[in-house]
Structure formats: structure tokens, C-alpha cells
Amino acid sequence: TLFRSGTGRMQFSSYKLNGIESVFNHSAVGMAVSAFSGRFVAANDAFCRITGYPLEELLATDFLTITHPDYRLSNAEFARKLQAEEVPAYVIQKEYIKKNGDLVWVQNSVTLLRDDDGKPTAFITLCQDITERRVIQSALEESEERFRLQFKATPVPIFSWRAINNDFVLVHYNDAADHMTGHGIIKLLGRRASELYVDTPEVIDIMNECFQSRLSIRRAGEFRLISTGELKYLDATFVYVPPDRVM
């Protein structure tokens, strides 16, 4: 059982917060208590702001109803395991459907509320609005995907080396590089420059100079393709790519 005080904040009788009522009421982080049926039985002001629901309307619904359908099954399974005490708590990132229909990304940390005898009585949720973080993450992923596609399709052969322990390891190459090496470059993936360029240490010197100076270095001359043994005249540019690449 619970009742509302004159301030509108929730006070508890059956659902004991074990001395954190003040934290619950004044926290800048969203907090809510749900019965094992899923129905909300309490929520603080921050949780109401995140979901866009007035307290009275929130208490008339449950956490699965305001959860986006894509996350309802997984959320219900997490809740089942928590109630059965198969797990001590869980953290889930999902979308809530706000009262106005907008979607808000949240990260919920959920654990059990217990009575004085230690018996589980409800779920208690700490809710953070992570919409801005997800938007930034999505934009970064889209940018990385565009770069990957551009890298792959660039008609100029590109070899990507990662600086590791005063050496360079071949970690990536594009389609043009694969074609130029007669598809033999894949055999060299993961190999160190120090073992591949034993006979031409000047190549490693250029990579080191590029990496240390953080400047692009252009060299034209004969380079032997390790994958085929073929000697080619190349106009090569070595470019530093933060934080640990030379291309």
C-alpha cells in the first residue's frame, strides 16, 4: 500500500524503501517502483519527466506498456529472472514511448525492493535518459560505415598499418590493394612490417617518420610487392591516421 503526501511525493507503507525515501523523492535520476505484475506503484519527478507522463497516469499503467514493442519480450524475460532471483539485478537499454508518442532512449538499472525480512516485494528502477548519447553513437556508426565503404571503393590501393610495440602490423587493405597484389595480400594480414620488410628497412623508416611526425610523407620509386615479388615503380604517400595508424 502507498499514499500520497501533501507535496505530491509518494510515501510508502508496504513497499519499504529502506531509508532512501528522501533520495527517491529528490533524485535527479529517474526512479520508479513496479509491482511484480509490472504496474507502476511509485515514480519520482525525474522519471515522470523522462516518460512524459503525469504521476497519476503513470500509476495506471505498467512498464511493458510504455516500452517499445521491440524490447518487451527481452525486458519481460529479464524481469522474470530477477523476480525468481536467478540474477541479482539487470541493466537494459531500450526505448520508452512517451505520452506524446515520442521515443526516448533509456538505460534502466533494475533490482529488487525487499521488506524488513529480506523478502522481495517489487522492482525498483533507476532510469537515465541516454537519447543524446544514442544519437551521437548512431551518427558515429554511420560516419564509420561511410568511411569503410569509401575506403573499400577508393580506386587507389590503400594499406592500413597499426603501430604496435615499436612495429607496424598490417590490419586492413582496400579492393584496389587486393587487386594490385594479385589477391595475395590476404596472406600478409596480421604480419609485422619488421618481418615483411627485412630487406627493405627504408619502408619501415618512412612509416616511423610518418607516425612520429604526424605528417604525410610522399615517396616515389621502386617498391617490391611482397605478396608477388614483383618490382613496381610507385608514387606512394604515407599518411598518419589517429590514433595509431599509418596508411
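See the structure above.
Residues numbered from 1 in each chain as written. Predicted model: local features only at pLDDT ≥ 70, side-chain atom pairs only at ≥ 80, totals over all residues. Heavy atoms only, no water.

**Points about the pattern of salt bridges**
What counts, and what does not: Every case where a carboxyl oxygen of Asp or Glu lies within 4 Å of a side-chain nitrogen of Lys or Arg is listed as a salt bridge. Here a strand is any run of E in DSSP of at least two residues, a helix any run of H or I of at least four, and the numbering for each starts at the N terminus. Burial classes: relative accessible area under 20% of the type maximum marks a residue as buried, over 50% as exposed, and values in between as partly exposed (1.4 Å probe, protein chains only).
In the structure shown here, the tally under the stated rule is ten salt bridges. In this structure, Asp175 and Lys152 form a salt bridge, with 3.1 Å as the shortest nitrogen-oxygen distance. Residue Asp175 is found in helix α6 (residues 175–180), and its partner Lys152 is found in helix α5 (residues 131–153); the two are separated by 23 residues along the sequence. Across the salt bridge formed by Arg191 and Glu195, the nearest N and O atoms sit 3.1 Å from each other. A relative accessible area of 32% places Arg191 in the partly exposed class. Each of Glu77, Arg80 and Glu86 takes part in one network of salt bridges that share partners.

**As for empty space enclosed by the protein**
For clarity, the cut-off: Space inside and on the surface of the protein is sampled on a 1 Å grid over the protein atoms alone, with a cavity defined as a set of points where a 1.4 Å probe fits but cannot get out and a pocket as an open set with protein on both sides within 12 Å along at least 5 of 7 lines; lining residues have an atom within 4 Å of a point. Grid points are joined across faces, edges and corners, and a volume is the space filled by probe spheres set on the points. Each residue gets one label: Ala, Val, Leu, Ile, Met, Phe, Trp, Tyr, Cys and Pro are nonpolar, Asp, Glu, Lys and Arg are charged, and the others, such as Gly, are polar.
Enumeration over the complete set of coordinates arrives at one cavity of 30 Å³ or more. Each pocket or cavity is described by its volume, and for the largest cavity that value is around 100 Å³. As for the largest cavity, its lining consists of 15 residues, and the residues nearest its centre are Phe63, Tyr90, Asn108, Val110 and Thr125. Secondary-structure elements contributing two or more residues to the lining of the largest cavity are β3 (30–34), α4 (72–83), β5 (89–97), β6 (103–114) and β7 (120–129). No other element matches β5, which puts four residues into the lining of the largest cavity. Its residues assigned to classes, the lining of the largest cavity comprises ten nonpolar, four polar and one charged.

**Comments concerning the sheet that holds β7**
Cut-off, in case you're wondering: Only strands joined by at least two bridges in the DSSP assignment are considered to pair. To get an axis, a line is fitted to the C-alpha atoms, and for a helix only the part in contact is used. The angle between two axes follows their N-to-C directions and goes from 0 to 180 degrees. Throughout, a contact is declared for two residues whenever any of their heavy atoms are within 4.5 Å.
Strand order in the open sheet made by the five strands is β4-β3-β7-β6-β5, with antiparallel pairing throughout. On the outer flanks of this sheet lie β4 (40–43) and β5, each paired with one strand and no other. Geometrically, the sheet is characterised by an average inter-axis angle of 30° between neighbouring strands, direction not taken into account. Contacting β5, β6 and β7, α4 runs over the sheet at an angle of about 150° to β5. Strands in contact with α5 are β5, β6 and β7; relative to β6, the strand with the most contacts, it is inclined by about 130°.

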